[in-house]
Amino acid sequence: MIIEKQIFPSPKGEITWFTLTNGKGAEVVLSSLGAGVVSIRLPEADGRFTDVVIGYDTPEAYFADGPCSGKTPGRYANRIANGRFSLDGKEYDLPINNGPNHLHGGPDGFQNRIWNCRKIGENKVEFKLHSPDGDSGYPGALDATVVYTWDDDNTLSIDYSATCDAPTYVNLTNHTYFNLNGHDSGSVLGHMLKMNCLEYLPTDKTQIPLGLPASVAGTPMDFTSGAKIGASINDDFEALKIGKGYDHCYMVDGYDGTLREVAVLSSEESGHKVTVLSDQPCAQVYTGNWLEGCPTGKGGYAYKDYDAVAIECQGAPNAPNNIHMPSSRLDPGEKYERTIKFRFE
């Protein structure tokens, strides 16, 4: 395993990129801006390598990008209704940045911070961030850590941990967008997606879950047996109209806090496949419905809507306001620990 390090100046501080290259020549590039994934280059039969995640050529382009490409959103990934929650009888107000709601920790979320970083093993890189009490309205100081591991079997493991000094809420995920035909190859609507999720969360028009999960059976939300992403995306179905495609939280079947297979994404055209595993209760599937107009992509490519798909393993959106969802509360003396794995074939 080879780990190379590059440092780039920016008005907000130095940004560090790490390139991890395994024994097969496959590589992952990680950035201290947002503790994110910049690229994943997989080998082809003819000796070429294909970058299967979208992104940008320059480190600075990742600041405040709408898609949150490849990064670690926080302190709370996904939406919190009206930017408001109650904790131990006290109300907290958060920045509003998605219609009437709070999204991904707000405009100054973890995805737009430069994390402290270092190599901690022959195939591991660690990112750390201190979030003070009151940061974006959240109570309690939080210390978050993200560790990426890239192995010779082409598996990227992401381990999250966090501790706090006062009760708070935390929900961390990875926001990488995949296109297994290559980041600049166009639509992913022909990709096959299989989800080990029997239920999803219906939402209101602002994409806040209504409450209890609903069965995917008999609806365009059903990927339990595998289906092309675009097979039903234009169906006359309220959820798909609200999100302009898939932008929905799925409940992982049989969730018990242990690592399990959540989804499999594959492309018949390229032959590439990624299996997503996690110990998180939910997975947000987002088909890049609003990619058009984001910063110019790698190599000058202009991404269009539906050019990539994100599968974000996480806690439930708006869980602080929904007693039916697994709790996202973290107390002093506890340790938040979650894992996501992307296994490529």
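Refer to the preceding data block for the structure.
Below is a summary of the structure that appears in this document.

**A word on the sheet that holds strand E5 (residues 49–51)**
Pairing between the strands of a sheet comes from backbone hydrogen bonds, and it takes one of two forms, parallel or antiparallel.
For step 1, the next point in the chain: The strand order E1-E2-E3-E4-E5 describes an open sheet built from 5 strands, whose pairing is antiparallel. Of all the strands in the sheet, just strand E1 (2–8) and E5 have a single pairing partner and so form its edges. Strand-to-strand twist in this sheet, taken as the mean axis angle between neighbours without regard to direction, amounts to 20°.
For step 2, the next point in the chain: Relative to strand E3 (residues 27–31), strand E2 (residues 15–21) is paired through 5 bridges, and the arrangement is antiparallel. Along E3, the bridge assignment pairs Phe18 with Leu30.

**Here we look at the pattern of salt bridges**
For step 1, the next point in the chain: Scanning the entire structure with this criterion turns up 17 salt bridges.
For step 2, the next point in the chain: Its salt-bridge partner being Asp46, residue Arg48 comes within 2.7 Å of it at the nearest N-O pair.
For step 3, the next point in the chain: A relative accessible area of 48% means that Arg48 is categorised as partly exposed.
For step 4, the next point in the chain: On the basis of relative accessible area, Asp46 is assigned to the exposed category, the value being 53%.
For step 5, the next point in the chain: For Glu345, the salt bridge goes to Lys273, with nearest N and O atoms at 3.7 Å. Here Glu345, found in the segment after strand E26 (336–344), pairs with Lys273, found in strand E22 (residues 273–278); they are 72 residues apart in sequence, far enough to count as distant.
For step 6, the next point in the chain: Taking relative accessible area as the criterion, Glu345 reaches 52% and is therefore assigned exposed.
For step 7, the next point in the chain: When its relative accessible area of 29% is taken as the criterion, Lys273 is described as partly exposed.
For step 8, the next point in the chain: Linked through salt bridges whose partners overlap, the residues forming this network are Asp88, Arg329 and Asp331.

**Structural notes on the environment of Glu27**
For step 1, the next point in the chain: Inspection of the secondary structure assignment puts Glu27 in strand E3.
For step 2, the next point in the chain: Its relative accessible area of 16% is what places Glu27 among the buried residues.
For step 3, the next point in the chain: Separated by 14 residues in the primary sequence, Glu27 and Arg41 have C-alpha atoms spaced 5.2 Å apart.
For step 4, the next point in the chain: Apart from residues lying up to four places away in sequence, Glu27 is in contact with Thr19, Leu20, Thr21, Ser39, Ile40, Arg41 and Trp150.

Cut-offs and rules
Residues numbered from 1 in each chain as written. Predicted model: local features only at pLDDT ≥ 70, side-chain atom pairs only at ≥ 80, totals over all residues. Heavy atoms only, no water. Pairing = 2+ DSSP bridges. Helix = DSSP H or I, 4+ residues; strand = E, 2+ residues; numbered from the N terminus. Axes fitted to C-alpha atoms, helices over the stretch in contact; angles between N-to-C directions. Salt bridge = Lys/Arg side-chain N within 4 Å of Asp/Glu carboxyl O. Buried < 20%, exposed > 50% of the residue type's maximum accessible area, 1.4 Å probe, protein only. Contact = heavy atoms within 4.5 Å.

Limitation: the analysis is restricted to geometry and does not speak to function.
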